[in-house]
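The chain contents come next:
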Amino acid sequence: MIRLEGVTKRYRSAAGERVALDAVDLTVERGQVFGVVGRSGAGKSTLIRTINRLETPDKGHVFVGDQEITRLKPTELRAARRRIGMIFQHFNLLNAKTIEENVAFPLRLEGRPDAEVRARSGELLARLGLSEHAKKHPAQLSGGQKQRVGIARALACGPEVLLCDEATSALDPETTDEILSLLDELNRELGLTIVLITHQMEVVRRVCDRVAVLKDGRVVEEGATADVFLHPKSPVTQAMLAEGEGGETFDASLAPAGGRLARLTFRGPATYEPELSRVARSVGVDYSILSGRISRIRGEPYGQMVVAFTGGDAETAVARLSERGVVVEAVS
């Protein structure tokens, strides 16, 4: 649905040149929720704004569906943007207009008939639980309600793609969860392709099918969300997971002397099975659990723990666990 090929973007100022994107290649499949994560200044916002060409790349090509966005003339680009909705961190609502008028605004820009505008706006307000607030102004709403208005407005023209620019960063944790549940619902029910940029690893874990990690304008890691979270390769990803809720941590100094350290990863139904204790009994090995966690990634349960094998046949235990589908990685 979305393809970036060699996308480069530089900003020039009196202070010099800064490379925001450096030959970025990305592919987002139709119906996918794709997360782009990185620290401040990594190039996330610039990347997402190249997709609807709010930013024009210096080099490279951007495709949405069968159209190359980077080659479109202004009138063609305006038409293409009707297929691409966007929601923002700070809502970007029109404060002088009512909630109903904010949602209707894109439709009126297109010159849709009044009856169609009223029907579509009412439908979206109802779907997003905003009907009772239709005549209010943005200042009268909570942050979560404002973001729902932003989502309704982005959906007004029936887009195929929804771009989310730090859509939950200004919200409290409870409201963030509500908005993520709503995005997940829209993806599943409408088949929307969603690109979501964030610096919050928990947001990616919660809703994204696939994720790319940016650093200094480059993609340093990309893959299925579960693979990136459970087996991160890049030091940037490892550090961000360690800081957030997505990764397990342990104090190696507390490990038993002479123990063999291993990280065990369980996914799916095996998460709730006592595989470690079964194998330990069968091969006669002792172990200590140094850290552990059970959670979900995009609805799939997983468990991850660091253990120290301290006695008995550790090699056979590792082999048996691997045979049972447990991913075993050495920990130094």
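This text goes with the structure placed above it.
Because the structure is a prediction, the values reported are computed rather than measured.

Trainee: So what's going on with the sheet that holds strand 10 (residues 218-224)? Residues and values would help.
Mentor: Taken in spatial order, the six strands make up an open sheet running 6-7-8-3-9-10, and their pairing is mixed. Strands at the two margins of the open sheet, each flanked by one partner only, are strand 6 (84-88) and strand 10. Within the sheet, the average angular offset between the axes of one strand and its neighbour, ignoring direction, is 15 degrees. Relative to strand 8 (residues 193-198), strand 7 (residues 161-165) is paired through five bridges, and the arrangement is parallel. Directly across from Val-161, in strand 8, lies its bridge partner Thr-193. The strands touched by helix 6 (residues 173-190) are strand 3 (33-37), strand 6, strand 7 and strand 8; relative to strand 8, the strand with the most contacts, the crossing angle is about 155 degrees.

Trainee: Before we move on, can you summarise the pairing of strand 13 (residues 300-312) with the specific residues and values?
Mentor: When strand 11 (residues 260-267) meets strand 13, the two strands line up antiparallel, connected through eight bridges. When the bridges of strand 13 are listed, Arg-263 appears paired with Val-306. Bridge count for strand 12 (residues 285-297) against strand 13 is 12 bridges, and the pairing is antiparallel. Within the sheet, the bridge partner assigned to Ser-291 lies in strand 13 and is Val-306.

Trainee: Tell me about the nonpolar core, and name the residues and values.
Mentor: Within the largest apolar cluster, 51 residues are counted, with the highest numbers of intra-cluster contacts made by Ile-87, Ile-151, Leu-162, Cys-164, Leu-183, Ile-194 and Leu-196. Excluding residues within four positions of it along the chain, Ile-151 makes contact with Ile-87, Leu-128, Ile-179, Leu-182, Leu-183 and Leu-186. Core analysis: the second largest hydrophobic core is formed by 29 residues, Ile-2, Leu-21, Met-86 and Val-195 among them.

Trainee: Report on the packing of helix 3 (residues 99-109) against helix 4 (residues 114-127), specifying residues and quantitative values.
Mentor: Where helix 3 meets helix 4, the closest approach of the two axes is 9 Å, and the angle between their N-to-C directions is 130 degrees. What the angle tells us is that helix 3 and helix 4 run oblique. As for the relative orientation of helix 3 and helix 4, their crossing is right-handed in sense. Where helix 3 abuts helix 4, its residues Ile-99, Glu-100, Val-103, Ala-104, Leu-107 and Arg-108 lie against Asp-114, Val-117, Arg-120, Ser-121, Leu-124 and Leu-125. Taken together, the residues of the contact of helix 3 with helix 4 break down into seven nonpolar, one polar and four charged.

Trainee: Please provide a residue-by-residue account of helix 9 (residues 235-243), values included.
Mentor: Within helix 9 the residues assigned to the buried category are Val-236, Thr-237, Met-240 and Leu-241. The buried residues of helix 9 all sit within an arc of 125 degrees when viewed along its axis, so they share a single face. In this structure, helix 9 carries Pro-235 and Glu-243 as exposed residues pointing more than 90 degrees from its buried face. As for helix 9, its buried residues are in contact with strand 3, helix 7 (201-207), strand 9 (210-215), strand 10 and helix 8 (225-230). Where helix 9 begins, the capping side chain belongs to Ser-234, and its oxygen is found 3.1 Å from the backbone nitrogen of Val-236.

Definitions and cut-offs
- What you see as residue numbers is a count from 1 along each chain, following the sequence as written.
- Only residues with pLDDT of at least 70 are given local features in this predicted model, and only at 80 or more are side-chain atom pairs given and counted; all residues enter the totals for whole chains, interfaces and linings.
- As a convention, hydrogens and water are excluded, and side-chain values are obtained from all of the structure's heavy atoms.
- The rule for pairing is simple: two strands pair if DSSP sees at least two bridges between them.
- Counting from the N terminus, the helices are the DSSP runs of H or I reaching at least four residues and the strands are the DSSP runs of E reaching at least two.
- Angles run from 0 to 180 degrees between N-to-C directions of axes, and those axes are lines fitted to C-alpha atoms, restricted for helices to the stretch in contact.
- Every residue pair with non-hydrogen atoms within 4.5 Å of one another is taken to be in contact.
- Here, nonpolar core means buried Ala, Val, Leu, Ile, Met, Phe, Trp, Tyr and Cys residues that are tied together by side-chain atoms lying within 4.5 Å of each other.
- Burial classes follow relative accessibility: with a 1.4 Å probe on protein chains only, a residue under 20% of its type's maximum area counts as buried, one over 50% as exposed, and anything between as partly exposed.
- Angular relationships are summarised with four words: roughly parallel below 35 degrees, roughly antiparallel beyond 145, roughly perpendicular across 65 to 115, and oblique for the angles in between.
- The hand of a helix crossing depends on one turn: near helix anticlockwise from the far one by less than a right angle means left-handed, and clockwise means right-handed.
- Note that Gly is not counted as nonpolar here; it falls among the polar residues with everything else outside the nonpolar set of Ala, Val, Leu, Ile, Met, Phe, Trp, Tyr, Cys and Pro and the charged set of Asp, Glu, Lys and Arg.
- This arc corresponds to the set of directions leading from the helix axis out to the C-beta atoms.
- As used in this structure description, the phrase polar contact means that two N or O atoms lie within 3.5 Å; if the pair is within protein, one of them must be able to donate a hydrogen and the other to accept it, and residues adjacent in sequence are counted only when both atoms belong to side chains.

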